Amino acid sequence: MVRMVSQIGGTSYSTGRSMDHIPIDIHYNKLLDWLINRRHCNQQWQVSALVIREKINNAIQDMPPVEEITTLLQGTYINYFHCLRIVELLKETEAGSKNIFGRYSSQRMKDWCEIIKLYEKDGVYLAEVAQMLMRNVNYEVPALKKQIAKCKQVQKDTVRKESEYRSGEAEYLEKYNAACRQMDIKGNKVKSELLSLVKHLPAEFDKITTATRDLKEPVNLYEMFIEFTLKNSDAASSRTPLIRYLQQKGNTSIYEYRTGEKPTVIDLAEYAVSVEEEERDDTEEAGEIDWGAIDTAGTDEGIIDFGAGDVADIDFGDSITAAEDIDWGDIDTNVEIEVEEGGVSKETIEQEVMSEETGVARGVDALTVLDNVETRNKFLDELFELDAFFSQRVEEMTMEADVISSTQLQSAPNELQVDVCQIEKLHARVTDIIKRFDEVKLQHMLSIRSSPRFVDRLSENLSQLVAQSKKFAAMQRISVSKRDNALEEQRALEPKLDIIRKKTLGLKKQIESEISKKYMERPVNIMGEINTM
């Protein structure tokens, strides 16, 4: 007997009995078409499947309390192989209903046996399982994988955002704390603490006054230089009058600076800043009378309507028709007429003169030289003038060819013959005082003193930093919540994915076995992504 050999898929198979062992490879995506083409199932199998589903739904309404049956019926799509297992279990529970012919009289058994027969007729169960395999591999498993991947991506993104929000919260909080440290406040009650800074102004002015006394040498050098170059002693002595005054008299009141006499009483009530008043909300302003929006677009042009009536109808009482009927009383022709000068009454002028005579300093006179804006600006102007002078001298003396020192200052007094190191030291004294005025704390003190409403703006800026920090903290909490929800969803989806994978692989083996029976137990392999899902 001659044995023939055939080449299939790169593997040699001999004819005869060995053909029974040639495997049948079917791609899972073509399985349903393969079954229909080989007439293992009907093309209209879905119509029969609907009838079977209806019978299954009716049959599961009356089932024995068996744990395995309950497990099969819960949370799964009942297929042909489930029905076979249910019949096997019913053989045990319905054994008492078996008649002498070996048949079951139980309606439960009859219903499920009928369902199995309908499944096997025209191979409906093969088509249904093939469709389930395709749906699970093409849709169910990828959808769950995609959802799980999305959950993991959400967790990754939220972890990154949490770090960003945490950094943002810390950044704005640090800005707030740095601003509070810069203004020397704790930040617990911003408004009251800012207003209390004004109490430290006199101490700051005393420090500046003390530092100004160290400017005697720079001022003397500057005035000597002016006198030498301009040949005018009067012009030299008038360059820095306020610096000289602070050195001699200190930071006195404007009253003493103006009159040369110390006041007996200093009244600062006009410039007093009330902490309690500023701490209150703007309820008083909000509580002003709202007259509503007056509409001037109408025909009456917003004229107040006093009601319908003629002016002639108004009764003013007994009308006086003649001027001679009016009793003016005894007219005193020696009455003094009060005359106001420039918008200020004579009485006010007399009070001001009297206050000067009695030594009472009120209003601007009660402020100190450095506290008053006008005199403080003049003082700063003198400092800037000194700063410019010494800056110019340092630049000139550090030039390669110091022409001025070699020519113009050769005949100058010995006091002007100083080296560049000494000039730089004197310059440093001047710049030190200027820097004191540039300090944030002092600037805020002066702004609060000149405009108490500045506190509202400053506290609002600080509040915005706190609000931004809280906003980042809230966003951080939201991110944590999203991450936890995504993690919880992932944990719920992963078991479902494992169950679908196991059931799909189980159905794959079962349908491979059923097809193998139809081809004399030839091995059947369902190919494709179903093996790697």
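To be clear, the structure that these remarks concern was listed above.
Attention in this report is confined to the structure presented alongside it. These numbers were taken from a predicted model, which means no experiment stands behind them.

**Brief notes about the overall build of the protein chain**
The helix and strand tally for the protein chain stands at 20 helices and six strands. Looking at the protein chain residue by residue over its 533 residues, the buried ones come to 34%. Relative to all contacts within the protein chain whose residues are 6 or more apart in sequence, the contacts with residues 24 or more apart total 75%. Accessible area for the protein chain stands at about 34700 Å²; split by element, carbon and sulfur atoms hold 50% of it.

**Digging into the pairing of strand S6 (residues 524-527)**
Of the two faces of S6, the one holding Val524 and Ile526 is buried and the one holding Asn525 and Met527 is not buried anywhere. Pairing geometry for strand S3 (residues 24-27) and S6, over four bridges, is parallel. The partner of Ile26 across the bridge, within S6, is Ile526.

**Focus: the nonpolar core**
Residues Leu31, Leu35, Trp112, Tyr119 and Ile511 are the most contacted members of the largest nonpolar core, which totals 54 residues. Among the elements that line this core, the one with the most residues is helix H6 (residues 124-183), at 14 residues. Excluding residues within four positions of it along the chain, Leu31 makes contact with Ile26, Ala130, Leu133, Ile511, Ile515 and Ile526. Counting 52 residues, the second largest nonpolar core, distinct from the first, contains Ile243, Val369, Ile423 and Leu426.

**Digging into the side chain of Thr504**
As for its placement among the helices and strands, Thr504 is situated in helix H20 (residues 454-518). Discounting residues that sit within four places of it in the chain, Thr504 has contacts with Leu133, Asn136, Val137, Ile530 and Met533.

**Let's talk about the packing of helix H16 (residues 373-397) against helix H18 (residues 420-438)**
Where H16 meets H18, the axes come as close as 9 Å, and the angle between the chain directions of the two elements is 150°. Here H18 runs roughly antiparallel to H16, going by the angle between their axes. Crossing of H16 over H18 shows left-handed handedness. Note on element contacts: H18 touches H16 through Val420, Ile423, Glu424, Leu426, His427, Val430, Thr431, Ile433, Ile434 and Phe437, opposite Arg376, Phe379, Leu380, Leu383, Phe384, Leu386, Asp387, Phe390, Ser391, Arg393, Val394 and Met397.

**Some words on the environment of Lys207**
Looking at the element boundaries, Lys207 is found in helix H8 (residues 201-212). Along the backbone, Lys207 and Ile433 are 226 residues apart, and their C-alpha atoms lie at a distance of 9.4 Å.

**Comments concerning unusual backbone geometry**
The backbone of Asp122 shows a phi angle near 60°, a positive value even though the residue is not glycine. Assignment of secondary structure puts Asp122 in the loop between helix H5 (107-120) and H6. The backbone of Asp184 shows a phi angle near 60°, a positive value even though the residue is not glycine. Considering the arrangement of structural elements, one finds Asp184 in the loop between H6 and helix H7 (190-196).

**Comments concerning helix H19 (residues 440-450)**
Of the residues making up H19, those classed as buried are Lys441, Leu442, His444, Met445, Leu446, Ile448 and Arg449. Looking at the buried positions of H19, the neighbouring elements they touch are H6, H7, H8, H16, H18 and H20.

**Examining the side chain of Glu512**
Topologically, Glu512 is positioned in helix H20. Beyond its immediate sequence surroundings of up to four residues, Glu512 is in contact with Val524, Asn525 and Ile526.

**Details of the pattern of salt bridges**
If you walk through the whole model with that rule in mind, you get 27 salt bridges. For Arg108, the salt bridge identified is with Asp62, shortest N-O distance 3.1 Å. Of this pair, Arg108 sits in helix H5 while Asp62 is found in the loop between helix H2 (45-59) and helix H3 (67-73), placing the two residues 46 residues apart along the sequence. On the accessibility criterion, Asp62 (43% relative accessible area) is partly exposed. Among the ionic pairs, Glu162 bridges to Arg166, the shortest N-O distance being 4.0 Å. With Glu162 and Arg166 both in helix H6 and four residues apart, this pair spans about one turn of that helix.

**Description of the packing of aromatic side chains**
By the definition in use, this model includes 12 aromatic pairs. Measuring from ring centre to ring centre gives 6.2 Å for Tyr165 and Phe472, while their planes differ by 45°; the resulting arrangement is tilted. Of this pair, Tyr165 sits in helix H6 while Phe472 sits in helix H20, and the two are 307 residues apart along the sequence. With respect to burial, Tyr165 and Phe472 carry one shared label: buried. Taking the centre distance of 4.9 Å and the plane angle of 80° together, the rings of Tyr245 and Tyr257 count as edge-to-face. Taken together, the residues span a long stretch of sequence, with Tyr245 in helix H11 (residues 241-248) and Tyr257 in helix H12 (residues 254-259) at a distance of 12 residues. By relative accessible area, which is 13% here, Tyr245 ends up buried.

**Section: H18**
Taking 1.5 Å per residue as the helical rise, H18 with its 19 residues ought to reach 27 Å, and the 26 Å between its terminal C-alpha atoms agrees with that figure. Within H18 the residues assigned to the buried category are Ile423, Leu426, His427, Val430, Thr431, Ile433, Ile434 and Phe437. For H18, the angular spread of the buried residues around the axis is 155°, confining them to a single face. Exposed positions of H18 whose direction lies more than 90 degrees from the buried face are Lys425 and Lys435. Among the structural elements, H8, helix H9 (216-230), H16 and H19 are those in contact with the buried residues of H18.

**Side note on the packing of H11 against H16**
Running from N to C, H11 and H16 cross one another at 105°; their axes reach a closest spacing of 8 Å. When the axes of H11 and H16 are compared, the pair comes out roughly perpendicular. In this structure, H11 contributes Pro241, Leu242, Ile243 and Leu246 to the contact, and H16 contributes Thr375, Lys378, Phe379, Glu382, Leu383 and Leu386. Across the contact of H11 with H16, the residue classes tally to seven nonpolar, one polar and two charged.

What counts, and at which threshold
- Residues numbered from 1 in each chain as written.
- Predicted model: local features only at pLDDT ≥ 70, side-chain atom pairs only at ≥ 80, totals over all residues.
- Heavy atoms only, no water.
- Helix = DSSP H or I, 4+ residues; strand = E, 2+ residues; numbered from the N terminus.
- Buried < 20%, exposed > 50% of the residue type's maximum accessible area, 1.4 Å probe, protein only.
- Contact = heavy atoms within 4.5 Å.
- Areas by Shrake-Rupley, 256 points an atom, 1.4 Å probe, with all protein chains shown as cover.
- Pairing = 2+ DSSP bridges.
- Core = buried A, V, L, I, M, F, W, Y, C linked by side-chain atoms within 4.5 Å.
- Axes fitted to C-alpha atoms, helices over the stretch in contact; angles between N-to-C directions.
- Parallel < 35°, antiparallel > 145°, perpendicular 65-115°, else oblique.
- Left-handed = near helix turned anticlockwise from the far one by under 90°.
- Salt bridge = Lys/Arg side-chain N within 4 Å of Asp/Glu carboxyl O.
- Phe/Tyr/Trp six-rings, centres within 6.5 Å; stacked < 30°, edge-to-face > 60°.
- Expected span 1.5 Å × (residues − 1).
- Arc of directions from axis to C-beta.
- Nonpolar A, V, L, I, M, F, W, Y, C, P; charged D, E, K, R; others polar.

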